[in-house]
Amino acid sequence: LLPGKYSVYVQPEPNREFRAKPVRFEITDRDVTGLVLKTVKAATLSGIVIIEGADEKSVSKKLTELHISAQVSEPGANIESQEIQTYETHGPVSMLLKPDGSFRIGGLRAGTAQIFVSSNNEDMTLVRVERDGIVQPDGISIKEGEHVQGMRLVVRHLTGSIRGQVKIEGGELPRGIQVFASRSEERRV
């Protein structure tokens, strides 16, 4: 390694029962020895994904195509420490759902977990996240080593499309430029 500041950390896995805080070190003009990674009991999230409005025959196949991921952030962290913590949060930890729609993600640290659901064919969106029947619009608060159960993620099929034409005044759209549309939503509890 070249001289500089580094961190060593454990790469997360969804089924892991432990996590390790990253160890920061600096290389100046000689080898670094004696680094120790200490493990602690990791937090876990578990629950089920429900597809809103789907018939039972197609649900099982659709569920096995979904990925669920969790990214944990620490409240009040500045950008520099958040970048370092990305390694600590391993962000995001991702897994495929089981055929019955259940999931369990481990290896997480304390903080606020944001949950994401994605599909290989990208025709699903996460509508809401519930914990013990209560909607969690700002993420799931988890404590060190806590096992959060009773989560319910409600997803729905995407049914809309946007068609249009982008016009550039006073010229043409340069070759290779991509145009993206994103949805902004008002959160309601």
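Everything discussed here concerns the structure shown above.
To start, this report covers the structure provided alongside it. (Residues numbered from 1 in each chain as written. Predicted model: local features only at pLDDT ≥ 70, side-chain atom pairs only at ≥ 80, totals over all residues. Heavy atoms only, no water.)

### Digging into the overall build of the chain
Heads up, the rule is: Secondary structure elements are taken from DSSP: a helix is a run of H or I of four residues or more, a strand is a run of E of two residues or more, and numbering for both begins at the N terminus. Each residue is placed in one exposure class: buried if its accessible area under a 1.4 Å probe, protein chains only, is under 20% of its type's maximum, exposed if it is over 50%, and partly exposed if it falls in between. What makes two residues a contact is simply this: any of their non-hydrogen atoms within 4.5 Å. Where accessible areas are quoted, they stem from the Shrake-Rupley method and a 1.4 Å probe; at the residue level, only the protein chains shown are allowed to cover.
Along the backbone of the chain there are two helices and 13 strands. Looking at the 189 residues of the chain, the share that counts as buried comes to 33%. Sequence separation of at least 24 residues holds for 72% of the intrachain contacts in the chain that already meet a minimum separation of 6. Counting only carbon and sulfur atoms, one obtains 50% of the accessible surface of the chain, whose full area is about 13,000 Å².

### Structural notes on a nonpolar patch on the surface
Short version of the rule: Exposure above 30% relative accessible area and the lack of any salt bridge qualify a residue for a patch; like charges then connect within 9 Å, and the nonpolar side chains Val, Leu, Ile, Met, Phe, Trp and Tyr within 5 Å. Whenever Lys or Arg places a side-chain nitrogen within 4 Å of a carboxyl oxygen from Asp or Glu, that contact is recorded as a salt bridge.
Together, Val-166, Ile-168, Leu-173, Ile-177 and Val-179 give the surface a local cluster of nonpolar side chains, amounting to about 420 Å² of exposed area. Counting through the fold element by element, Val-179 comes out in the segment after β13 (147–157). On the basis of relative accessible area, Val-179 is assigned to the exposed category, the value being 53%.

### Section: the pairing of strand β3 (residues 23–27)
Spelled out, the test is: DSSP bridges decide pairing: two strands pair if at least two such bridges lie between them.
Of the two faces of β3, the one lined by Val-23, Phe-25 and Ile-27 is fully buried and the one lined by Arg-24 and Glu-26 carries no buried residue. Note: strand β1 (residues 4–8) against β3, five bridges, orientation antiparallel. Following the sheet pairing, Ser-7 is matched in β3 by Arg-24.

### Looking at the sheet that holds strand β6 (residues 66–73)
Note the threshold: Axis definition: a line fit to C-alpha positions, over the contact stretch in the case of helices; interaxial angles, taken between N-to-C directions, run 0 to 180 degrees.
The strand order across the open sheet built from four strands is β7-β6-β9-β12, with neighbouring strands paired in antiparallel fashion. Pairing within the sheet leaves two strands with one partner each, and these edge strands are β7 (93–96) and β12 (140–142). Ignoring strand direction, the axes of neighbouring strands in this sheet form an average angle of 30 degrees. In the sheet, strand β9 (residues 111–119) pairs with β12 via three bridges, with the strands oriented antiparallel.

### Regarding unusual backbone geometry
Although it is not a glycine, Asp-132 adopts a positive phi angle of roughly 55 degrees. Secondary-structure assignment places Asp-132 in the loop between β10 (124–131) and β11 (134–135). Here Asp-132 falls in the exposed class, since its relative accessible area comes to 59%.

### What to know about the pattern of salt bridges
For the structure on display, the rule yields eight salt bridges. Between Asp-29 and Arg-30 there is a salt bridge whose closest N-O contact spans 3.9 Å. Overall, Arg-30 belongs to the exposed group, its relative accessible area being 62%. For Arg-152, the salt bridge identified is with Glu-130, shortest N-O distance 3.5 Å.

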